[in-house]
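A closer look at the structure
Take a look at the letters that make up each chain.
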Amino acid sequence: MVFANKIEERDLHKEQKLLILAVFPIVFLVFGVIYALTHGSNLAQGLENIIKSPTTLITDFMVVGGIGAAFVNSALIGLYNLYLLKRYKMRINGLLIAAFFTVLGFSFFGKNILNILPIYLGGYLYARYQQIPMKNVLLVIMFSTALAPIVSFITFGGLFEEGFSYLMGLLTGISIGFIIVPLSAHMIRFHDGYNLYNIGFTAGIVGTVITSALRSFDVEIASVNIISDQNNPMIIGLLVVLFLYLMGMGLYTNKDVLKIYKTILSFRGRTITDFTSLVGYGLTFFNMGILGMASLIFVLLLGGTVNGPVMAGIFTIVGFAAFGKQPKNCLPIVLGVLMAGIFFGYDFSSTTFIISALFSTTIAPIAGAYGPVIGVIAGMLHLTLVTNIGIIHGGINLYNNGFSGGLVAGFMIPIIDAFKRGSPRS
């Protein structure tokens, strides 16, 4: 279904769409530099600390390198990806927006300006090997930086002599980038499009294989828990401004957004649900701002801290608000996580619980397709899985919830369909 009213929106050229996205890394860069200068932080030292960190789950760059360096790191990665999108003349659609904001968010914990590059190189070599344009694999490669921590771990984890470790880290990243594209195409069959973070599921499989191989050589990836526990009013204020900006861009692009917003709630969200094609850019940008603001309010109501991992969760939701997520299909999943949290006695204000709730919306299409009751059950199951599954891949897959979401969808959907239709789906 394509919503007819989208034709009434203002026509945006590709450069204008890129500029709308570019506001985020540009603002991050300015904010990071000013914050570092006004708070006496050594920006260069902070970035060096981030680059040399093993970056496995959970490593908050706001603690490792400082707030200024964390924002600059995210800005540099965001600008680099925008350059690639422009260089390869990518169409600015919902999945691209989702990829951009996911990478931007995870640049606050896990991804840095060094550990992502070998993976991009691997994707480039794969495209050359298959004799296909780089633009055909770029989005998958952007998402596949979920495995960037393994590059940092091998490079800076002390496994090899310093010079040799750089070579091994480079080769590992290239290998990941080379194999992730064909793997991701097959993995989507497991969850049938009901897990929006498909690369997270794929990365979980790859991470499990790598971690198992390392453990065979008695190499254990130690779990870390480096997390900021103090809210910064300036960061919260910045996020509010940015989400209002997205809502404003929605209104600028389509003046009837407020009247027609409810139409987006009718979409189930299963892959592929590209809101830019279905309802237009105006409604898409507005939905992104709405979900961003709702996510921020949710975190603050639970007494949580807006730190690096939480920023990743919020911006991933913002990105996928262009590709399947809307309030109606996200709410039952989050309610399920909250109910499970009450039952199992979780601390709602802890970062671990909050990011589990935020990222659980990867399975929002289950609620969209099968209703709120099934959505609540899926959310409860997701929490039980995601809090125990990290040990399998050793924390080297940043999209841990995507891995868990794939398992939840792959487990639930055949059972639901068997009871609903009397026989498994063909």
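Up top is the structure.
Source: prediction; values computed, not measured.

**Here's the deal with the packing of aromatic side chains**
For any pair of aromatic rings, geometry is given as the distance between the ring centres together with the angle between the planes. Going through the model one piece at a time under the given rule, you end up with 33 aromatic pairs. Summarising the aromatic geometry, the rings of F24 and F315 are spaced 6.2 Å apart at their centres and angled 90° between planes, so their arrangement reads as edge-to-face. In this pair, F24 is assigned in helix α1 (residues 14-38) and F315 in helix α15 (residues 308-320), connecting sequence segments 291 residues apart. Here the two residues F24 and F315 agree in accessibility, since each one is buried. Each ring, one from Y197 and one from F359, has its centre 6.4 Å from the other, and the planes form 80°; the classification is edge-to-face. With Y197 in the loop between α9 (162-191) and α10 (198-216) and F359 in helix α17 (residues 351-359), this residue pair connects regions lying 162 residues apart in the sequence. When sorted by exposure, Y197 lands in the same class as F359, which is buried. In this arrangement the basic side chain of R10 is found over the ring face of Y252, its NZ or CZ atom lying 4.1 Å from the centre. Over the aromatic face of Y88 sits the side chain of R87, whose NZ or CZ is 4.9 Å from the ring centroid.

**Regarding a nonpolar patch on the surface**
Together, L121, Y124, L125, F160, F164, L167, L170 and L171 give the surface a local cluster of nonpolar side chains, amounting to about 650 Å² of exposed area. Secondary structure elements with two or more residues in the nonpolar patch: α6 (117-130) and α9. Here the element with the most residues in the nonpolar patch is α9; it accounts for four residues. Looking at where F164 falls in the secondary structure, it is placed in helix α9. For F164, a relative accessible area of 42% puts it in the partly exposed group.

About the cut-offs
- Every chain begins its residue count from 1, and numbering advances along the sequence as written.
- Where totals are concerned, whole chains, interfaces and linings use all residues; where local detail is concerned, this predicted model gives features only for residues with pLDDT of at least 70, and gives and counts side-chain atom pairs only at 80 or more.
- In computing side-chain properties, one takes all heavy atoms of the structure into account and sets aside hydrogens as well as water.
- Classification of ring pairs uses Phe, Tyr and Trp, with its six-membered ring standing for Trp, and accepts pairs whose centres are within 6.5 Å; under 30 degrees between planes counts as stacked, over 60 as edge-to-face, and the remaining range as tilted.
- Secondary structure is summarised from DSSP: a helix means a run of H or I of at least four residues, a strand means a run of E of at least two, and numbering begins at the N terminus for each.
- Partly exposed describes any residue whose relative accessible area lies between the buried limit of under 20% and the exposed limit of over 50%, with all areas from a 1.4 Å probe on protein chains only and scaled to the type maximum.
- Either the NZ atom of lysine or the CZ atom of arginine qualifies as a charge over a ring when it sits within 6 Å of the ring centre and within 35 degrees of the ring normal.
- Surface patches are defined over residues having more than 30% relative accessible area and no salt bridge, joining like charges when they lie within 9 Å and nonpolar side chains (Val, Leu, Ile, Met, Phe, Trp, Tyr) when within 5 Å.
- Note on areas: Shrake-Rupley with a 1.4 Å probe; residue coverage comes only from the protein chains shown.
- Only one rule defines a salt bridge in this text: a Lys or Arg side-chain nitrogen within 4 Å of an Asp or Glu carboxyl oxygen.

In short, the description is geometric, and any link to function would need to be established separately.
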